[in-house]
Amino acid sequence: MPKVYIEGLARHVDSDVELNGWIYNKRSSGKIRFIVLRDGSGLCQCVLVKSNLPEETFNLFDKLTQESSIKITGKVRKEDRAPGGFEIELKDLQVISIAEEYPITPKEHGVEFLMDRRHLWLRSSRQHAILRVRHEIIKSIRNFFDDKGFILVDSPILTPAACEGTSTLFETEYFDLGKAYLTQSGQLYAEASALALGRVYTFGPTFRAEKSKTRRHLTEFWMVEPEMAFFDLNEDMDLAEEFVEHIVQTVLKNRAQELKFLERDTTKLENVKRPFPRIHYEEAIEILKKKGIDFEWGNDLGGTDETVLAEQFDKPVMIHHYPAQVKAFYMKRDPNDSRYALAVDMLAPEGYGEIIGGSQREDNLDLLLERIKEHNLPQEAFEWYIDLRRYGSVPHAGFGLGVERTVAWICKLDHIRETIPFPRMIYRNTP
Ligand code: 4AD
Ligand code: MG
């Protein structure tokens with residue numbers, strides 16, 4: 001008998017199959033019992049008819065608690081009224097494990113209660129939908145770069161120095177070699193790889209000891225970072241908008257059901273098509289001033305500023321040419337006006353803030369050395385990175401997209417904590 005998954009039942013109508021799963025819920029009606037089974041791929045109604053089953057099997061029904069695991073066999077029938085559109089007429093049922101009283105019930109639970117039980121909360125339909133969208137986003141990211149001929153290069157997690165400034169480093173002892181730090185970004189290694197392979201991307205977990213307790217910050221999050229030799233800021237922005245369009249349109253196409261379940265208004269996502277507006281920092285300040293926001297030149301954009309700016313547009317917006325003083329040491333200054341960095345941030349619509357940060361990199365040896373001094377970074381630790389400017393330096397650029405912020409935006413979630421299976425935040429590192 002074929003062992004199948006609920007999502008594939010359509011291929012087995014009128015034949016006998018085996019399903020393995022957990023009790024989602026159950027109910028009785030006269031001499032008929034109904035079990036809704038979940039197997040991770042969907043929900044399926046199983047029907048137990050007293051006259052068709054050995055008494056022992058029929059009576060097992062009473063023992064089944066929510067989340068008990070079972071194996072069943074039965075015949076697949078098309079049934080439009082059933083969840084998923086199919087029903088199984090049960091022929092045999094075996095109990096694998098009877099679950100203790102399950103702590104999560106259909107009633108409303110507080111967020112902390114659910115977060116403490118995140119390992120079980122993942123079994124709910126809402127979390128299934130979010131994790132499926134997350135999966136689709138990650139897959140679309142990889143396909144996008146792979147199809148263009150980019151090479152995936154994994155960067156190290158344990159690193160000897162900071163990439164994004166020293167204030168948010170997690171540190172650890174590293175044998176006799178002193179301190180090591182959990183990476184904040186794979187970018188510096190992506191740069192070395194781009195000068196080796198041309199166009200690369202690195203994709204992995206990154207860590208920030210962020211003191212910010214906001215709905216946008218995790219201490220551990222996944223970032224994809226493409227890096228391209230012979231690219232300038234404009235080409236970087238071209239790629240970023242094509243990339244984000246691709247992700248959103250792929251999710252719309254392949255995960256319509258999940259977005260519907262999450263009650264996501266998809267008209268706003270359908271709009272996410274190139275070109276995206278590109279706004280110079282000075283223009284951004286003008287917009288903020290017009291909206292009555294008192295903004296001082298030279299500052300970075302805050303969360304509220306980002307929200308106000310993004311509200312002016314119905315698709316993601318790219319803000320470029322930030323003041324160099326608020327940006328990272330590796331960013332190239334605008335050769336025409338060194339107050340600006342050749343930097344870009346992409347802000348998502350609907351109040352989700354920055355999803356991409358990127359820039360053209362400083363490719364001049366002397367200027368890079370100056371920046372390292374200005375930022376009080378230890379030059380020895382960066383010698384290998386500086387070497388890239390000694391041996392065949394070229395203009396190059398790249399950006400980083402935060403996966404969780406992208407999931408939050410596409411699913412329109414209130415908080416980033418639901419975008420990753422086991423979130424790490426300033427006040428939570430369990431389960
Ligand atoms: O703007 P960031 O700090 O840029 C970099 O790390 C560059 N090295 C990227 C590059 O050019 N290769 O971070 C990039 C993105 C942000 O736009 C945001 O989406 C996400 O990473 N991000 C976070 N996501 C969740 N929690 C946090 N604490 C995040 N910090 C950044
Ligand atoms: Mg940033």
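Residues numbered from 1 in each chain as written. Chains lettered and ligands numbered in written order. Predicted model: local features only at pLDDT ≥ 70, side-chain atom pairs only at ≥ 80, totals over all residues. Heavy atoms only, no water.

Asks: For the overall build of the protein chain, give the residues involved together with the corresponding values.
Replies: Along the backbone of the protein chain there are 13 helices and 18 strands. Each principal axis of the C-alpha distribution contributes one length, and for the protein chain these read about 85 × 55 × 40 Å. The long-range share in the protein chain, meaning contacts at least 24 apart out of those at least 6 apart in sequence, stands at 66%. As displayed, the protein chain offers around 20,800 Å² of accessible surface, 49% of which is attributable to carbon and sulfur atoms. Both charge centroids of the protein chain, one from 58 positive and one from 69 negative side chains, sit 7 Å from each other. (Helix = DSSP H or I, 4+ residues; strand = E, 2+ residues; numbered from the N terminus. Contact = heavy atoms within 4.5 Å. Areas by Shrake-Rupley, 256 points an atom, 1.4 Å probe, with all protein chains shown as cover. Lys, Arg positive; Asp, Glu negative; His and termini not counted. Charge placed at Lys NZ, Arg CZ, Asp CG, Glu CD.)

Asks: Help me get a handle on the domain arrangement of the protein chain, residues and values and all.
Replies: For the protein chain, the assigned domains are domain 1 (6-97) and domain 2 (118-419). Computed from C-alpha coordinates alone, the two centres of domain 1 and domain 2 are separated by 46 Å. Facing the 6 residues of domain 1 at the interface are 4 residues of domain 2. A combined buried area of about 410 Å² lies between domain 1 and domain 2, and 35% of that area is made up of carbon and sulfur atoms. (Domains from an automatic or database assignment. Buried area = accessible area lost by both parts, 1.4 Å probe.)

Asks: Describe the packing of aromatic side chains, and please don't skip the residues or the numbers.
Replies: For the structure on display, the rule yields 17 aromatic pairs. For the ring pair Y281 and Y322, a centre distance of 5.9 Å and an interplane angle of 45° mean the geometry is tilted. Of this pair, Y281 sits in helix α9 (residues 281-290) while Y322 sits in the loop between β13 (317-320) and β14 (333-334), and the two are 41 residues apart along the sequence. Among the aromatic residues, ring-to-ring pairing joins F144, F145, F150, Y201, F243 and F399 into one connected group. The ring of F61 has K26 sitting right over it, with the charged end atom 4.5 Å from the ring centre. For R117, the ring lying beneath its charged end belongs to F113, and the centroid distance is 3.7 Å. (Phe/Tyr/Trp six-rings, centres within 6.5 Å; stacked < 30°, edge-to-face > 60°. Lys NZ or Arg CZ within 6 Å of the ring centre and 35° of its normal.)

Asks: A description of the layout of surface pockets should follow, citing residues and the corresponding values.
Replies: There is about 1,100 Å³ of room inside the largest pocket. Going through the elements one at a time, β11 (220-229), α10 (303-311), β16 (343-348), β17 (353-360), β18 (396-402) and α13 (403-411) are the ones with two or more residues in the lining of the largest pocket. Ranked by the residues each element gives to the lining of the largest pocket, the list is headed by β17, at 6 residues. Within the lining of the largest pocket, the residues separate by chemical class into 19 nonpolar, 16 polar and 14 charged. (1 Å grid on protein atoms, 1.4 Å probe; cavity = no way out; pocket = protein on both sides within 12 Å on 5 of 7 lines; lining within 4 Å. Points joined across faces, edges and corners; volume = space filled by probe spheres on them. Nonpolar A, V, L, I, M, F, W, Y, C, P; charged D, E, K, R; others polar.)

Asks: Lay out the nonpolar core with the relevant residues and their values.
Replies: Counting 46 residues, the largest nonpolar core has I141, F243, V244, W409 and I410 as its most contacted members. Put simply, the parts of the chain that give this core at least two residues each are α4 (125-148), β10 (199-207), β11, α6 (233-254), β16, β17, β18 and α13. Top element by residues in this core is α6. It accounts for 10 residues. Grouped together as the second largest cluster of nonpolar side chains are 34 residues, I287, L288, L301 and A310 included. (Core = buried A, V, L, I, M, F, W, Y, C linked by side-chain atoms within 4.5 Å. Buried < 20%, exposed > 50% of the residue type's maximum accessible area, 1.4 Å probe, protein only.)

Asks: Can you tell me about helix α5 (residues 187-197), naming the residues and giving the values?
Replies: Within α5, the full set of buried residues consists of Q187, L188, A190, E191, S193 and A194. The elements touched by buried residues of α5 are β10, β11, α12 (383-387) and β18.

Asks: Tell me what's going on with the pairing of β13, and back it up with residues and numbers.
Replies: Here β13 shows two buried faces, one formed by V317 and I319 and the other by M318 and H320. When strand β12 (residues 278-280) meets β13, the two strands line up parallel, connected through 3 bridges. What sits directly across from I279, in β13, is I319. Where β13 meets β16, 4 bridges bridge the pair, whose relative direction is antiparallel. Among the inter-strand pairings, H320 is bridged to a residue of β16, identified as V344. (Pairing = 2+ DSSP bridges.)

Asks: Which residues make up empty space enclosed by the protein, and what are the values?
Replies: The final tally for this structure, using the stated rule, is 1 cavity of 30 Å³ or more. In this structure, the largest cavity spans a volume of roughly 110 Å³. Around the largest cavity, the lining comprises 15 residues; the ones closest to its centre are T159, A161, A162, L188 and Y189.

Asks: Before we move on, could you go through the site of ligand 1 and cite the residues and values that matter?
Replies: Neighbouring ligand 1 are 24 residues, the closest being E164, Q187, E225, E354 and I355. Note that a nitrogen atom of ligand 1 is positioned 2.7 Å from one of the side-chain N or O atoms of Q187. At 2.7 Å from a nitrogen atom of ligand 1 is found a side-chain nitrogen or oxygen belonging to E225. For ligand 1, whose accessible area on its own is 630 Å², the fraction buried by protein is 94%. Because more than half of its atoms lie within 2 Å of the grid, ligand 1 is assigned to the largest pocket. At the level of secondary structure, the elements contributing two or more residues to the shell around ligand 1 comprise β11, β17 and β18. Of the residues forming the shell around ligand 1, the biggest block, 5 residues, is contributed by β17. Tallied by class, the residues present in the shell around ligand 1 amount to 8 nonpolar, 8 polar and 8 charged. (Near = heavy atom within 4 Å. Polar contact = N/O pair within 3.5 Å; in protein donor to acceptor, adjacent residues only side chain to side chain. Sits in = over half its atoms within 2 Å of the grid points.)

Asks: Help me get a handle on the side chain of D236, residues and values and all.
Replies: Residue position: D236 is located in helix α6. We note that D236 is buried and unpaired, the nearest opposite charge coming from R361 at a distance of 5.9 Å. Of the polar contacts made by the side chain of D236, one reaches the backbone nitrogen of G398; its length is 3.4 Å. (Salt bridge = Lys/Arg side-chain N within 4 Å of Asp/Glu carboxyl O.)

Asks: Please provide a residue-by-residue account of the environment of Y340, values included.
Replies: Among the structural elements, Y340 can be located in strand β15 (residues 337-341). Here Y340 falls in the buried class, since its relative accessible area comes to 6%. Spatially, the C-alpha atom of Y340 lies 8.1 Å from that of Q325, the residues being 15 residues apart in sequence. In this structure Y340 touches H280, E282, W297, H321, Y322, P323, A324, K332, R333 and D334, once residues within four positions along its chain are discounted. Of the polar contacts made by the side chain of Y340, one reaches the side chain of E282; its length is 2.4 Å.

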